[in-house]
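# Structure at a glance
What follows is each chain in one-letter form.
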Amino acid sequence: MAEDKKWIYGDIDFDNRVTNLMWTISGNYDENMDAGERSSLSKNVALYQGITAGGRRKYIDWNAVKRFVISRVRAGMDKDTLLGLVQMATDVHVEEKIIAERPGVYDLRQQAYNDILMHFFKLHTDNLLEKARHALIVEKAGKNPRMDVATNRLITGIKALEHTEDTVEMLRGIEQLYMENFPLYAQSEEGEAAEDKARRDQQGSDFNDFLYEELYEDELTSEIDDSLDEIAESLLGESLEDTGFTGDIRDNRVIRIREEDLEKVYEKVSFHYGDSYLTMPEIRNLQHKTCRGIHENCRIHMTDGVLRTDSDNTFAKSLVSRHKTKNTLTYNTAKRIHKRNINKLRDSIARTLVQEEMKDRVASDAGQLVANKLWRIGRSSNTKVFVRTVDNDKGSYAVDILIDSSGSLRRNQVFVAAQAYILAQALTLNGIPNRVLGFNTFLDYTILKRFRDYESPLSANDNIFEYYCTGNNRDGLAIKATVQGLVKRPEENKILIVLSDGRPNDIKVGKGQSQSLEEAYRGKAGVRDTAIEVRRARQQGIMVLGVFTGKESDLAAEKLIYGKDFAYIKDINRFADLVIKYLKQIIVN
């Protein structure tokens, strides 16, 4: 991808220096750095990332990595565990080869990881991958991390991969590390995955067979493509997105944090996501109303994001800018088509509204007398000699569009952003007040990012391209908080559209090493809570539509949550069209 945006530093000479480092290391002057590879965490990190960008191009065969991961996941290996190992192994493989060729790079690496470590929180978790990831970052910063036996064994194995000759040999080492350190997942193949593995074993296939396997487009391939793109574009520490946690907690998804670290996180929520547009009393009032029951001890942060608040977090601003650029570029590749769709949807709503606002005159037994029909009296069975006016106007409308912004929607991110923009444009052009929000969680905070408000101008819809996916999702609390604002609107008809994958899924945050925590927000508990909040919203007169983008296996959960008012779309590009169809049905009926 060609370079597509100006750097946050605004320094052309520095920009050129970083690009030249990439060219020098890779030896290929036809390449350009992708937007995702340009760090703004600090200049030290930016310089070092330019070096590693060249190394990733020179030393890693990403097509082979993709085939390997897809092959092994289909054979029954755990995808997230395997990708975590790939991330750490490719990082070590590239960095150590660069340092072996250019020893002076070592000092720059230490400076870069010192800067990364300043933004990194140590979270207490039993997850082996997370502990290993943190230990690697601490070591690269020139410090000695404390490690248990299992973490030390895994780290030693990962660092040994710096001596592998090529990508295939590195992948062989990754597979060995997986089998040695994650036996639970290595032995958990079921169904087709187990059959596939047995078939490969029976055929006596060698390790390199994955290089010749046919790749076909499916959901797994798309997910792994996206994951590998992120791994290929970022340093190990920077990919943690300034939070210190991205992995999946494998026991009951309970994560424990030291008291002092937890307070640091609370202090920095605004730093990471932008200041809240609510006052402190308003926040306390909202949390008092919503953070009850299963959401007790949770918190809510409602923000316009780092780009539209007074934020000095250059890393977060750069991260959001990257995603905004990516979403905008994807939209613009089909801009003419999107513009036609906006006009079509706008006209469709307008016709429906005009038609429903017309007043009909119907024959009646009472009302205004029609003199030329008086002859019917005593001569006809039709004695309706009056007419009355029927007002079809059902009142005004307000629409909330609530979009799941958790990591599970990442593969559809650019398409969701485009469709939400199209929908908001069509509604705004028709004068229908609409608000667009994205939601995800950061530790025990549910983040609600406002892209546009009800009375925002048309130009505010461009903010929707700031949409990006990370973290988990506490659907019930997000819906509950959103309803608090929607129910106060003066319009007679209030509509809430929720786009999600039908899988409420969040961690449970606890302090210290306490073992008294209940299971985290997922599975039946998450589905039940979200279903309750949907029904509470409807009891308050809000019409709720669930738009489902997940797997067919999760359809039952979506039906439990939204009842008959849900739509299953396999093609996310039908989102705006489907919602408009639903709105028209509401208006007419």
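We now turn to the structure provided with this report. (Residues numbered from 1 in each chain as written. Predicted model: local features only at pLDDT ≥ 70, side-chain atom pairs only at ≥ 80, totals over all residues. Heavy atoms only, no water.)

### Some details on the pattern of salt bridges
Using the criterion set out here, one finds 23 salt bridges in the structure. A salt bridge links Lys140 to Glu95, with the shortest nitrogen-to-oxygen separation between them at 3.4 Å. Placement of the pair is Lys140 in helix α6 (residues 128-140) and Glu95 in helix α4 (residues 79-101), with a sequence separation of 45 residues. In this structure Glu95 comes out as buried when scored by relative accessible area, which is 1%. Taken together, the salt bridges that share partners define one network made up of Asp304, Arg308, Lys324, Lys449, Arg450, Asp453 and Glu466. (Salt bridge = Lys/Arg side-chain N within 4 Å of Asp/Glu carboxyl O. Helix = DSSP H or I, 4+ residues; strand = E, 2+ residues; numbered from the N terminus. Buried < 20%, exposed > 50% of the residue type's maximum accessible area, 1.4 Å probe, protein only.)

### Focus on the nonpolar core
Inside soluble globular proteins, nonpolar side chains tend to come together where they are buried. Judged by nonpolar contacts, the single largest core of 58 residues is most densely connected at Val69, Leu171 and Ile174. Take this core: its biggest share by element is ten residues, from α4. The residues touching Ile174, leaving out its near neighbours within four places in the chain, are Phe68, Leu82, Leu85, Val86, Ala89 and Leu161. Judged by nonpolar contacts, the second largest core, of 44 residues, contains Val399, Ile432, Ile497 and Tyr582. (Core = buried A, V, L, I, M, F, W, Y, C linked by side-chain atoms within 4.5 Å. Contact = heavy atoms within 4.5 Å.)

### Let's talk about the packing of aromatic side chains
How two aromatic rings sit relative to each other is given by the distance of their centres and the angle of their planes. The full count for this structure, using the stated rule, is eight aromatic pairs. On the basis of an interplanar angle of 65 degrees and a centroid distance of 5.5 Å, the ring pair of Tyr273 and Phe442 is categorised as edge-to-face. Taken together, the residues span a long stretch of sequence, with Tyr273 in helix α13 (residues 269-273) and Phe442 in strand β7 (residues 434-442) at a distance of 169 residues. Residue class for Tyr273 comes out buried when judged on its relative accessible area of 11%. Taken together through their ring pairs, the aromatic side chains of Tyr331, Tyr421 and Phe465 make up a single cluster. The ring of Tyr277 has Arg450 lying over it, and the distance from NZ or CZ to the ring centre is 3.6 Å. When the ring centre of Tyr454 is taken as origin, the NZ or CZ atom of Arg489, which lies over that ring, is 4.3 Å away. (Phe/Tyr/Trp six-rings, centres within 6.5 Å; stacked < 30°, edge-to-face > 60°. Lys NZ or Arg CZ within 6 Å of the ring centre and 35° of its normal.)

### Considerations on the packing of α4 against α6
Look at α4 against α6: their axes get within 10 Å of each other, and the N-to-C directions meet at 15 degrees. Classed by the angle they form, the pair α4 and α6 counts as roughly parallel. As α4 packs across α6, the resulting crossing turns out to be left-handed. Here Asp80, Thr81, Gly84, Leu85, Gln87, Met88, Asp91, Val92 and Glu95 of α4 come into contact with α6, specifically with Leu129, Ala132, Arg133, Leu136 and Lys140. Tallied by class, the residues present in the contact of α4 with α6 amount to six nonpolar, three polar and five charged. (Axes fitted to C-alpha atoms, helices over the stretch in contact; angles between N-to-C directions. Parallel < 35°, antiparallel > 145°, perpendicular 65-115°, else oblique. Left-handed = near helix turned anticlockwise from the far one by under 90°. Nonpolar A, V, L, I, M, F, W, Y, C, P; charged D, E, K, R; others polar.)

### A look at the pairing of β7
Within β7, nine of the nine residues are buried, which leaves it mostly tucked inside the rest of the structure. Of the two faces of β7, the one lined by Asn434, Val436, Gly438, Asn440 and Phe442 and the one lined by Arg435, Leu437, Phe439 and Thr441 are each fully buried. The parallel pair strand β6 (residues 397-404) and β7 is bridged by helix α17 (residues 413-429), and the resulting crossover is right-handed. For β7 and strand β8 (residues 445-452), the ladder comprises seven bridges, and the chain directions are antiparallel. When the sheet's bridge partners are listed, Leu437 is paired in β8 with Arg450. Two successive antiparallel strands, β7 and β8, enclose a turn made up of two residues, where Leu443 displays a positive phi of approximately 55 degrees. (Right-handed = clockwise from strand over helix to strand, strands pointing away. Pairing = 2+ DSSP bridges.)

### So, the packing of α4 against helix α7 (residues 149-160)
Packed helices, taken two at a time, are described by their axes: the angle between them and the distance between them. Two elements in contact, α4 and α7, have axes separated by 8 Å at closest approach and are oriented at 50 degrees. Taken as axis vectors, α4 and α7 run oblique relative to one another. Residues Leu85, Met88, Ala89 and Val92 of α4 touch α7, and the partners they reach there are Leu154, Ile158 and Lys159. Per-class residue counts for the contact of α4 with α7 are six nonpolar, no polar and one charged.

### Looking at the sheet that holds strand β11 (residues 542-548)
Sheet architecture is open: seven strands sit in the order β2-β8-β7-β6-β9-β11-β12, paired in mixed fashion. Looking at the sheet topology across the chains shown, the edges are occupied by β2 (299-303) and β12 (566-568). Looking at each pair of strands side by side, their axes are set apart by 20 degrees on average, direction ignored.

### Description of the layout of surface pockets
The volume enclosed by the second largest pocket comes to roughly 370 Å³. When residues of the lining of the second largest pocket are traced back to their parent elements, those giving at least two are α14 (280-290) and α18 (475-486). Sort the elements by how many residues they give to the lining of the second largest pocket and α14 lands first, with four residues. Across the lining of the second largest pocket, the residue classes tally to six nonpolar, three polar and seven charged. (1 Å grid on protein atoms, 1.4 Å probe; cavity = no way out; pocket = protein on both sides within 12 Å on 5 of 7 lines; lining within 4 Å. Points joined across faces, edges and corners; volume = space filled by probe spheres on them.)

Any functional reading would require information beyond the geometric quantities listed.
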